[in-house]
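Working through the structure, step by step
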Amino acid sequence: MNTKTICLIKIAAISFLLTIFWSASAYAQIIFQDDFESGDFLKWDFVWRDGQNPAESAEYGLDGQAVTNGGVTIGNIAPSTLRHAGNHAYQDHYAMNASGAVHNDNNHMLLKRFNSPTHWFMRAYLYFANDIKWCGATNPGSAGLQRKLIYFKGTNWDTDSSVFGFALGTWSNSGCDGVTLRLGYGGHGGMGGALDNIALLQSGRWYSIEVEVNLATTVGNDTFRLWLDDVLIMERSDLSIQSQSDINGGIGLGQIELGRQVDRYNSNAFDEYRYWDDITVSTTRIGPGDTLAPAAPTNLSVQ
């Protein structure tokens, strides 16, 4: 057997092993990741607390001001159930005193900007620390809340009044045993549609939420998939997330906003904590866990 043949056999063997080891499920192409173990928000582009409500805690020292490039200490969170992994998680506090106002926003946000991908995945871990169910007439003293969880917004959302935007959030559940996950989607300034009762969420446990968005080249064919605790619970390829002008303009993902507002539909007070951890945005499926394997190696050679 000559030297060339031996080299070819070695290359084939290595390729075979790499195919097994670096399978598509074993790694992801990460475009953003934050496990909050740094103890600050420096990976994010914008941090916002509105500070308009006296009941809202000022634990971050951010109330009433917009802070770019964060740098604010998150600190250890106890008990350990309030961290998905490691020593830190992102704690957000939502609170409003009772008032006569029917509809109020309590804006909180970590914002990350992106360079217009049209196909992406995002996975986040979410924990509601307080009782989040709303029983309506059977529990009239509780606040009726719509919680925005994650916003996905198109390129140049801040300056273009037409590009797409859509959000995952929760609304009340008639069964009075939690809240239901919903997807609202459509153009800037108003939702084009909503998909309700996707899943039931309850307080006191961590959820892994992963979404896939694949924007099509024709209107009405956008794909949205949702995994809850690594189980595919929603798959649609007939959504009109984009408009024709979005498609013509090559509009992709411009920013992700984590947290955002709570909308109140009565005047009752509320005071609740929400926790996020192990945030990852990728161009391939992510799956559960607190870390990702690295990308497959390239430019290998045989000696």
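Presented here is a report on the structure given in the accompanying data block. In this text, all values refer to a predicted model and were calculated from it rather than measured experimentally.

**Observations concerning the nonpolar core**
Grouped together as the largest cluster of nonpolar side chains are 48 residues, with contacts concentrated most on M122, F166, L183 and F224. A per-element tally of this core places strand 6 (residues 119-128) first, with 5 residues. Setting aside residues up to four positions removed in sequence, F224 forms contacts with F166, L168, L183, V211, E212, V213, M234, E235, R236 and L239. Judged by nonpolar contacts, the second largest core, of 6 residues, contains M96, A143, L145 and F270.

**What to know about the pairing of strand 13 (residues 222-228)**
Of all 7 residues in strand 13, 7 are buried; the element is thus mostly enclosed. The alternating pattern of strand 13 places D222, F224, L226 and L228 on one face and T223, R225 and W227 on the opposite face, and all of these are buried. The pairing of strand 12 (residues 206-214) with strand 13 spans 6 bridges and is classified as antiparallel. Looking at strand 13, one finds that E210 is bridged to W227. Sheet topology places strand 13 next to strand 14 (residues 231-239); 6 bridges connect them, and they run antiparallel. Looking at strand 14, one finds that R225 is bridged to E235. Where strand 13 folds back on strand 14, the antiparallel hairpin that results is connected by 2 residues, among which D229 adopts a positive phi of roughly 50 degrees.

**Concerning the packing of aromatic side chains**
The tally for this structure, following the rule as stated, stands at 11 aromatic pairs. Plain terms: the ring middles of F32 and W44 are 4.9 Å apart, the flat faces sit at 70 degrees to each other, and that makes the pair edge-to-face. Of this pair, F32 sits in strand 1 (residues 30-34) while W44 sits in the loop between strand 1 and strand 2 (46-49), and the two are 12 residues apart along the sequence. W44 matches F32 in its accessibility class, with the two residues each being buried. When the ring of F32 is compared with that of F114, the centres are 6.4 Å apart and the planes differ by 90 degrees; the resulting orientation is edge-to-face. Of the two residues, F32 is situated in strand 1 and F114 in the loop between strand 5 (108-113) and strand 6; the sequence distance between them amounts to 82 residues. The two residues F32 and F114 agree in class, both being buried. One aromatic cluster in this structure is built from F32, F36, W44, Y90 and F114. The positively charged end of K153 is found above the aromatic ring belonging to Y151, 4.8 Å away from the centroid.

Rules used throughout
- Residues numbered from 1 in each chain as written.
- Predicted model: local features only at pLDDT ≥ 70, side-chain atom pairs only at ≥ 80, totals over all residues.
- Heavy atoms only, no water.
- Core = buried A, V, L, I, M, F, W, Y, C linked by side-chain atoms within 4.5 Å.
- Buried < 20%, exposed > 50% of the residue type's maximum accessible area, 1.4 Å probe, protein only.
- Helix = DSSP H or I, 4+ residues; strand = E, 2+ residues; numbered from the N terminus.
- Contact = heavy atoms within 4.5 Å.
- Pairing = 2+ DSSP bridges.
- Phe/Tyr/Trp six-rings, centres within 6.5 Å; stacked < 30°, edge-to-face > 60°.
- Lys NZ or Arg CZ within 6 Å of the ring centre and 35° of its normal.

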